[in-house]
Amino acid sequence: MAKTQYYTATSIDGFTADLDKSLEWLFEVDEGTDNPFGAFFSNVGAFAMGATTYEWVLQNDNVVEEPENWHEMYGNVPCWVFTHRELPLVPDANIFMVSGDVRRVHQAMTVAAQGRNVWLAGGGDLVAEFADAGLLDEIILAVAPAILGAGTPLLPRHLTSRQLALTNVAQMGQFAYLTYAVGVLADLGRHLAADVLHRSPSPSEPAGLPG
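As the structure is a computational prediction, the values presented were derived from the model and not from experiment.

A.B. asks: I keep staring at the pairing of strand β4 (residues 79–82) and nothing clicks. Help me out?
C.D. replies: Successive residues of a regular strand alternate their side chains across the two faces of the sheet. Side chains Cys79 and Val81 project from β4 onto one buried face, and the interleaved Trp80 and Phe82 project onto a second face that is buried too. In the sheet, β4 pairs with strand β5 (residues 95–98) via 4 bridges, with the strands oriented parallel. From the neighbouring strand, Val81 faces β5, where its bridge partner is Met97.

A.B. asks: Sorry, what's going on with unusual backbone geometry here?
C.D. replies: The phi angle of most residues is negative, glycine excepted, and most peptide bonds adopt the trans form. A cis amide bond, omega 0°, links Gly122 with the succeeding residue Gly123. In the Ramachandran plot, Asn62 falls in the positive-phi region, its phi being about 50° despite a non-glycine side chain. As for its position among the elements, Asn62 is in the loop between α3 (51–61) and α4 (68–74).

A.B. asks: Explanation requested: the environment of Val102 in the structure shown.
C.D. replies: Locating Val102 in the fold gives a position in helix α5 (residues 102–113). Judged by relative accessible area, which is 3%, Val102 ranks as buried. Residues Val102 and Glu129, spaced 27 residues apart in sequence, show a C-alpha to C-alpha distance of 6.9 Å. For Val102, the contacting residues outside a window of four places in its chain are Phe82, Leu126, Glu129, Phe130, Ala133 and Leu135.

A.B. asks: I would appreciate a short explanation of the sheet that holds strand β6 (residues 117–122) in the present structure.
C.D. replies: Strands belonging to one sheet form pairs held by backbone hydrogen bonds; the direction of such a pair is parallel or antiparallel. Across the sheet, which stays open at both edges, the 8 strands sit in the order β5-β4-β3-β6-β1-β7-β10-β9 with mixed pairing between neighbours. The outermost strands of the open sheet, each flanked by one partner alone, are β5 and β9 (164–172). Adjacent strand axes in the sheet meet at a mean angle of 20° when their direction is disregarded. Where strand β3 (residues 44–50) meets β4, 4 bridges bridge the pair, whose relative direction is parallel. The partner of Gly50 across the bridge, within β4, is Phe82. Across the face of the sheet, α3 comes into contact with β3, β4, β5 and β6 while running at roughly 100° to β3.

A.B. asks: Even after reading the chapter, I still don't get the packing of aromatic side chains, so can you show me in this structure?
C.D. replies: Where two aromatic rings form a pair, the distance of their centres and the angle of their planes describe that pair. Within this structure, the stated rule accounts for 20 aromatic pairs. Judged by centre distance (6.2 Å) and plane angle (40°), the ring pair of Phe27 and Trp56 falls under tilted. On the criterion of sequence distance, the pair formed by Phe27 in helix α1 (residues 24–27) and Trp56 in helix α3 is long-range, its members being 29 residues apart. When the centroid spacing of 5.9 Å and the interplanar angle of 80° are considered together, the rings of Phe41 and Trp119 count as edge-to-face. Residue Phe41 is located in helix α2 (residues 37–41), and its partner Trp119 is located in strand β6; the two are separated by 78 residues in the primary sequence. Accessibility assignment for this pair places Phe41 and Trp119 in one class, buried. Three or more aromatic residues joined by ring pairs make a cluster, and in this case those are Tyr7, Phe37, Phe40, Phe41, Phe47, Tyr54, Trp70, Tyr74 and Trp119.

A.B. asks: I tried to follow the pattern of salt bridges on my own but got confused; where do I start?
C.D. replies: Side-chain pairs of opposite charge can arise where the charged atoms are in close proximity. Under the criterion given, the structure shown has 4 salt bridges. The partner of Lys3 in a salt bridge is Glu138, and the shortest N-O contact between them spans 4.0 Å. On the criterion of sequence distance, the pair formed by Lys3 in the segment before β1 (4–10) and Glu138 in strand β7 (residues 138–143) is long-range, its members being 135 residues apart. Neither Lys3 nor Glu138 differs from the other in exposure class; each is buried. One salt bridge in this structure joins Arg103 and Asp101, with 3.3 Å as the shortest N-O distance. Judged by its relative accessible area of 48%, Arg103 is partly exposed.

Definitions and cut-offs
- Residues numbered from 1 in each chain as written.
- Predicted model: local features only at pLDDT ≥ 70, side-chain atom pairs only at ≥ 80, totals over all residues.
- Heavy atoms only, no water.
- Buried < 20%, exposed > 50% of the residue type's maximum accessible area, 1.4 Å probe, protein only.
- Helix = DSSP H or I, 4+ residues; strand = E, 2+ residues; numbered from the N terminus.
- Pairing = 2+ DSSP bridges.
- Contact = heavy atoms within 4.5 Å.
- Axes fitted to C-alpha atoms, helices over the stretch in contact; angles between N-to-C directions.
- Phe/Tyr/Trp six-rings, centres within 6.5 Å; stacked < 30°, edge-to-face > 60°.
- Salt bridge = Lys/Arg side-chain N within 4 Å of Asp/Glu carboxyl O.

Rendered as structure tokens:
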């Protein structure tokens, strides 16, 4: 069962970046000896990100001048970037610039993924649109030991315990990894949701930090 997943790192108080849109606080955290992002991404057939997230990658990974950095991280997996303005394209990368209804784009991503998972890389506002449309199946959080007080919200929506079911907990380095089933899967209940997720193509253990 392929899933649409929101997989990201967050502070304890639910921010993915500080007020300056910086992740320096995150890079200070010890992630341990294993970075399971590779295992997670091996089951991803398509992914999406918002303009701010894409611009962060452009700036911090220098992928326009050194496109091999993009290909090393994401290979040729197709990426949809939601934006209302022109942004530089990474040379030879499989990137589509889009806007509008996430349902239409999600359909195209699902077809392109060919039975594999769809990853929502962020930001929270974009993921919220997928959640509003009932298209979000799983949230995987790498919770860092940091409290920012303010910044970019993890997911600016009201989701109750009826809409979320905790299916996995793990510690890797200083990070606590929490995996939640969302929506229909959460309705199945915690134990049944865990069983369904563990039978899916993606690893049963939570993934680590992107990149």
